[in-house]
Amino acid sequence: MTTTPPTSVVRSAHTLAIPLLGVLAAVQGSAPNIAATALVGASRGLDMVGGDQALAASMQTLAIAASVITTGLLADRIGRRRMLVAALVTGLVGQLIVAAAPMALVYILGQAVTGVGLGAVYAASFAYIQVLAAPGRLPAAVATFAACSGAAGVLFTFSGGLLAGVDWRLAFVLVPVLSALCVPAVLVLLPSVAPTVTEKRDVGGQVALITGMVVFLFGVSQLASSLTSPLTWGAMALGVVLLGVFVWSQTRVANPFFPVALFRRPLFLAALCAGFVFNFGGAVAFLQLSNLWQYVLALTPSSVAVWQLPVSLASIVGAIVLGRLMTRGMSPQTSLLVGGILSAAGFGAAFLARDASTPLACTRRHPHRLRYHRRGASVRHARAR
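**Student:** Just give me the short version of the overall build of the chain, but keep the residues and values in it.
**Tutor:** Per the secondary structure count, the chain includes 15 helices and zero strands. When the 385 residues of the chain are sorted by exposure, 42% land in the buried category. Sequence-distant contacts, at least 24 apart, represent 78% of the contacts inside the chain between residues at least 6 apart. About 19,100 Å² of surface is accessible on the chain, with carbon and sulfur atoms providing 71% of the total.

**Student:** Give me the lowdown on a nonpolar patch on the surface, citing residues and values where you can.
**Tutor:** Residues V166, L170, V173, V177 and L181 make up a contiguous nonpolar surface patch of roughly 430 Å² in combined accessible area. Inspection of the secondary structure puts V166 in helix α6 (residues 138–166). Relative accessible area serves as the criterion here: at 62%, V166 is assigned to the exposed category.

**Student:** Residue-level account of the packing of helix α5 (residues 104–132) against α6, with values.
**Tutor:** Where α5 contacts α6, the axes come no closer than 9 Å and their chain directions differ by 145 degrees. Crossing hand, α5 versus α6: right-handed. Between α5 and α6, the contacting residues are Y122, S125, F126, I129 and Q130 on the first element and L138, A141, V142 and F145 on the second. Considering only residue class, the contact of α5 with α6 consists of seven nonpolar, two polar and no charged.

**Student:** Lay out the packing of aromatic side chains in plain terms, naming residues and giving numbers.
**Tutor:** Applying the stated criterion across every chain yields a total of six aromatic pairs. With a centroid separation of 6.2 Å and an interplanar angle of 10 degrees, the aromatic rings of Y122 and F126 are classed as stacked. You can see Y122 and its partner F126 sitting in helix α5, four residues apart, about one turn around the helix. Between Y122 and F145, the ring centres sit 6.2 Å apart and the planes meet at 65 degrees, which makes this aromatic pair edge-to-face. Here the residue Y122 occupies a position in helix α5, and F145 occupies one in helix α6, the gap between them amounting to 23 residues. Connected via pairs of aromatic rings, a cluster forms that spans Y107, W168 and F172.

**Student:** Requested: an account of the nonpolar core, with residues and values cited.
**Tutor:** Ranked by internal contacts, the top residues of the largest apolar core, which has 59 residues, are L21, L24, L84, Y107, F172, V186 and L190. For this core, the secondary structure elements donating two or more residues are α2 (17–45), α3 (50–78), α4 (80–99), α5, α6, α7 (168–171) and α8 (174–189). When residues in this core are grouped by element, the largest group, 14 residues, is from α2. L73, M213, F246 and V260 belong to the second-largest nonpolar core, a separate cluster that totals nine residues.

**Student:** Explain unusual backbone geometry to me, and be specific about the residues and the numbers.
**Tutor:** We note that D47 has phi near 50 degrees; this positive angle belongs to a residue other than glycine. By the element assignment, D47 lies in the loop between α2 and α3. Overall, the relative accessible area of 39% leaves D47 in the partly exposed class.

**Student:** Give me the environment of Y122: which residues, what numbers.
**Tutor:** Under the relative-accessibility criterion, Y122 is labelled partly exposed at 32%. Between the alpha carbons of Y122 and A87 there is a distance of 9.3 Å; along the sequence they are 35 residues apart. For Y122, the contacting residues outside a window of four places in its chain are A25, Q28 and F145.

**Student:** Tell me about the packing of α2 against α8, residues and numbers included.
**Tutor:** Between α2 and α8, the shortest axis-to-axis distance is 11 Å and the interhelical angle comes to 160 degrees. Between α2 and α8, the crossing angle belongs to the class labelled roughly antiparallel. The hand of the α2/α8 crossing is left-handed. For the pair α2 and α8, contact is made by A17, L20, V23, L24, V27, A31 and I34 and by L174, V175, L178, S179, C182, A185, V186 and L189, respectively. Its residues assigned to classes, the contact of α2 with α8 comprises 14 nonpolar, one polar and no charged.

Calculation rules
Residues numbered from 1 in each chain as written. Predicted model: local features only at pLDDT ≥ 70, side-chain atom pairs only at ≥ 80, totals over all residues. Heavy atoms only, no water. Helix = DSSP H or I, 4+ residues; strand = E, 2+ residues; numbered from the N terminus. Buried < 20%, exposed > 50% of the residue type's maximum accessible area, 1.4 Å probe, protein only. Contact = heavy atoms within 4.5 Å. Areas by Shrake-Rupley, 256 points an atom, 1.4 Å probe, with all protein chains shown as cover. Patch = residues over 30% accessible without salt bridge, like charges linked within 9 Å, V, L, I, M, F, W, Y side chains within 5 Å. Salt bridge = Lys/Arg side-chain N within 4 Å of Asp/Glu carboxyl O. Axes fitted to C-alpha atoms, helices over the stretch in contact; angles between N-to-C directions. Left-handed = near helix turned anticlockwise from the far one by under 90°. Nonpolar A, V, L, I, M, F, W, Y, C, P; charged D, E, K, R; others polar. Phe/Tyr/Trp six-rings, centres within 6.5 Å; stacked < 30°, edge-to-face > 60°. Core = buried A, V, L, I, M, F, W, Y, C linked by side-chain atoms within 4.5 Å. Parallel < 35°, antiparallel > 145°, perpendicular 65-115°, else oblique.

Next comes the structure, spelled out in structure tokens:
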């Protein structure tokens, strides 16, 4: 990957190029949020049992984790613009499979295809920023990217929630429509960048990484069904072994596709921790709370879409403010520290909240809604039997 963008590429970039990258990231970011909002309806419509539901909820993220490094390398090899188009089409196909799924297995398969495609969309979009940003303007470009991603993500997530309130299948048509609109925009607004990787890469290591991630995360997903099942712990153990094989292989090949020596650098580990906090926080804020609000508080998907707005809107403000501060000299370390403190404070406030009439909800004051949840669970259990 090039560290300094060619001047010709920066000058030829359209003024809407960075905002478009933010919209592309929002397509990827809103897809799991929409899926979380529609999951309750999908699980009822497809009679999912506990293990199926856990896998359906996590499959898109699992596929992203398993494939994002490989698709990122593919983007460096064939060109990022071409990769973006292929990834958008892949995500489009995956969401249409989900929308038309006649059974849980097909739904899960569609989410896997979606994860591979849209994960590549985000990776290629974020990598494009470094190519398009003018010298010395990378923090400002990232802030613009994050703000556009957040704003578009709010719109897409909210629209998907409203559609899920009509029919859960309809919610999964939104991302294909957005992807189809983004393909010509990518071809028109983004400049072509020559591939940056040409040498042969270690295929065996990539296979070990993908297989290890899939097997390990499958085992983690089965914890929702049983904490003592041999399948759960056996899959997790096998995944760890395969990931160990991946690390070992990367230290013994001429052209490793992932520089594992990066794990010795404190700043890289800090960035990994920040990424974990971001993704974990997003999963809690959207996936877990969406299920809580629908199952326990009996909210409709459209109401859930409204209750999700505070998190989304606050993320936009935070991206703009921190982006401007970094442009004026704030270090990345300080930015990560401030973000971590604010995240901890937000989750602490949510933990202490006890008023179920607001998005900071708890079930203690609404036992009738808890009874509703239990009746709904009994009905679903009877249907599954």
